[in-house]
Amino acid sequence: MPKHPRAQFEQALNSFFQVRLLDVERHLNKCRLEFGLEPFSQYDNLLRLDRTQELLFAAVSLTRPERINKILEFGTFTGESTIVLRALFPSASITTIDLPESLLVGNESAEERDSIKSRRQKNIINAKAELILKDSALIVHEDLEKYDLIWLDGDHTLPTVAIDLENAMKALNDNGILMMDDICKHLSLTNLIMRKTRSNDVWKALKRFSKARGINYLLFPKKLDYKQYFPGRRRLIALVERK
């Protein structure tokens, strides 16, 4: 019987950060409340326990706050991660990149898109972040500054995810940390039939980059619920530290 996802997460957390999950959760809740946000436990229950990146952000904030002065995010969406980054790193500069509206493609209605745009604008203002509306595949690393923490959650399909990863690693400072979202090692039969391979593209990009560049990474469960037991539904977050 495999370990419960929470136990897997705590083991990986302790291995890298030498910190207890309970202490990280307390720190995250404290920072969220001080910034006027709901506690993580209450907020995350509404999202099916799939925002463990916030726990990783909090672990960085708790164990090495003095190292994080500049943060870069690929994939703003509604700015939920952006606002949490601000709560955890009050003194850091934050830059977040998202597609311009003209390039957005999805199943959302016009009303839903207006809602996403409104929430994003509110969170960006409250986070005092710089928003860049540009296709990240068109960005070259020379256009980017150097950053101490990078959250990669943009386009999940090849080749864009590979381009984003390459640019992100080049923009990462020594001793900086990069986190990469929505990794799926195994596709479910349903996803294969429906050709939903986006999260698997993230895994392919990470493996190829790691092999070509000799980069080591650590994987964390993205969800802490029972769905992590099923390989086809298991999502992971990769963490890389630039030595």
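Data block above holds the structure.
Residues numbered from 1 in each chain as written. Predicted model: local features only at pLDDT ≥ 70, side-chain atom pairs only at ≥ 80, totals over all residues. Heavy atoms only, no water.

Caption draft 1: Summary view of the pattern of salt bridges. Counted under the stated rule, the structure contains 16 salt bridges. The partner of arginine 6 in a salt bridge is glutamate 25, with the nearest N and O atoms 3.0 Å apart. In this pair, arginine 6 sits in helix α1 (residues 5-17) while glutamate 25 sits in helix α2 (residues 21-34), placing the two residues 19 residues apart along the sequence. Residue arginine 6 is classed as partly exposed on the basis of its relative accessible area, which comes to 33%. Put simply, lysine 222 and aspartate 181 hold a salt bridge, and the shortest N to O gap is 3.1 Å. Placement of the pair is lysine 222 in the loop between β6 (218-221) and β7 (236-241) and aspartate 181 in strand β5 (residues 172-183), with a sequence separation of 41 residues. Classification of lysine 222 as buried rests on a relative accessible area of 8%. Salt bridges linked by common partners bring Arg64, Arg67, Glu241 and Lys243 together as one network. (Salt bridge = Lys/Arg side-chain N within 4 Å of Asp/Glu carboxyl O. Helix = DSSP H or I, 4+ residues; strand = E, 2+ residues; numbered from the N terminus. Buried < 20%, exposed > 50% of the residue type's maximum accessible area, 1.4 Å probe, protein only.)

Caption draft 2: Empty space enclosed by the protein, seen in detail. Scanning the entire structure with this criterion turns up one cavity of 30 Å³ or more. The calculated volume of the largest cavity comes to roughly 50 Å³. Going through the elements one at a time, α7 (160-170) and β5 are the ones with two or more residues in the lining of the largest cavity. Classifying every residue of the lining of the largest cavity gives four nonpolar, two polar and four charged. (1 Å grid on protein atoms, 1.4 Å probe; cavity = no way out; pocket = protein on both sides within 12 Å on 5 of 7 lines; lining within 4 Å. Points joined across faces, edges and corners; volume = space filled by probe spheres on them. Nonpolar A, V, L, I, M, F, W, Y, C, P; charged D, E, K, R; others polar.)

Caption draft 3: Quick peek at α7. Burial analysis of α7 places eight of its 11 residues in the buried class, which makes it a mostly covered element. Considered for burial, the residues of α7 that qualify are Thr160, Val161, Asp164, Leu165, Glu166, Asn167, Ala168 and Met169.

Caption draft 4: Up close: the environment of valine 24. Looking at the element boundaries, valine 24 is found in helix α2. Given the relative accessible area of 0%, valine 24 is considered buried. Here the alpha-carbon distance between valine 24 and glutamate 54, two residues 30 residues apart in the chain, equals 9.7 Å. Non-local contacts of valine 24, meaning those with residues more than four positions away in its chain, are made with Leu13, Val19, Leu55, Ala58, Ala59 and Leu62. (Contact = heavy atoms within 4.5 Å.)

Caption draft 5: A positive patch on the surface, seen in detail. Residues Lys185, Lys204, Lys207 and Arg208 make up a contiguous surface patch of positive charge. With respect to the helices and strands, the residue lysine 207 is situated in helix α9 (residues 198-213). Given the relative accessible area of 40%, lysine 207 is considered partly exposed. (Patch = residues over 30% accessible without salt bridge, like charges linked within 9 Å, V, L, I, M, F, W, Y side chains within 5 Å. Areas by Shrake-Rupley, 256 points an atom, 1.4 Å probe, with all protein chains shown as cover. Lys, Arg positive; Asp, Glu negative; His and termini not counted. Charge placed at Lys NZ, Arg CZ, Asp CG, Glu CD.)

Caption draft 6: How the structure looks around the pairing of β5. In terms of burial, β5 is a largely internal element, nine of the 12 residues being buried. Note: strand β4 (residues 147-152) against β5, five bridges, orientation parallel. For leucine 149, the partnering residue across the bridge sits in β5 and is isoleucine 177. Remark: the β4/α7/β5 crossover connection has right-handed handedness. (Pairing = 2+ DSSP bridges. Right-handed = clockwise from strand over helix to strand, strands pointing away.)

Caption draft 7: Region of the structure containing the packing of α1 against α2. Two elements in contact, α1 and α2, have axes separated by 9 Å at closest approach and are oriented at 90°. Viewed along their axes, α1 and α2 adopt a mutual orientation that is roughly perpendicular. Residue-level inspection shows Arg6, Phe9, Glu10 and Leu13 of α1 in contact with α2, the latter providing Leu21, Leu22, Val24 and Glu25. The class makeup of the residues in the contact of α1 with α2 is five nonpolar, no polar and three charged. (Axes fitted to C-alpha atoms, helices over the stretch in contact; angles between N-to-C directions. Parallel < 35°, antiparallel > 145°, perpendicular 65-115°, else oblique.)

Caption draft 8: Broad picture of the nonpolar core. Leu13, Phe17, Phe89 and Met179 are the most contacted members of the largest nonpolar core, which has 37 residues in total. Contributions of two or more residues to this core are made by α1, α2, α4 (53-63), α5 (80-88), α6 (110-127), β4, β5 and β7. It is α4 that provides the largest number of residues to this core, a total of six residues. Excluding residues that lie within four positions of it along the chain, methionine 179 makes contacts with Leu56, Phe57, Val60, Leu149, Ile150, Trp151, Leu152, Ile237, Ala238 and Leu239. In terms of nonpolar packing, the next biggest core, distinct from the first, is built from 25 residues, Ile97, Leu144, Val202 and Val240 among them. (Core = buried A, V, L, I, M, F, W, Y, C linked by side-chain atoms within 4.5 Å.)

Functional significance is not addressed by these values, which are geometric in nature.
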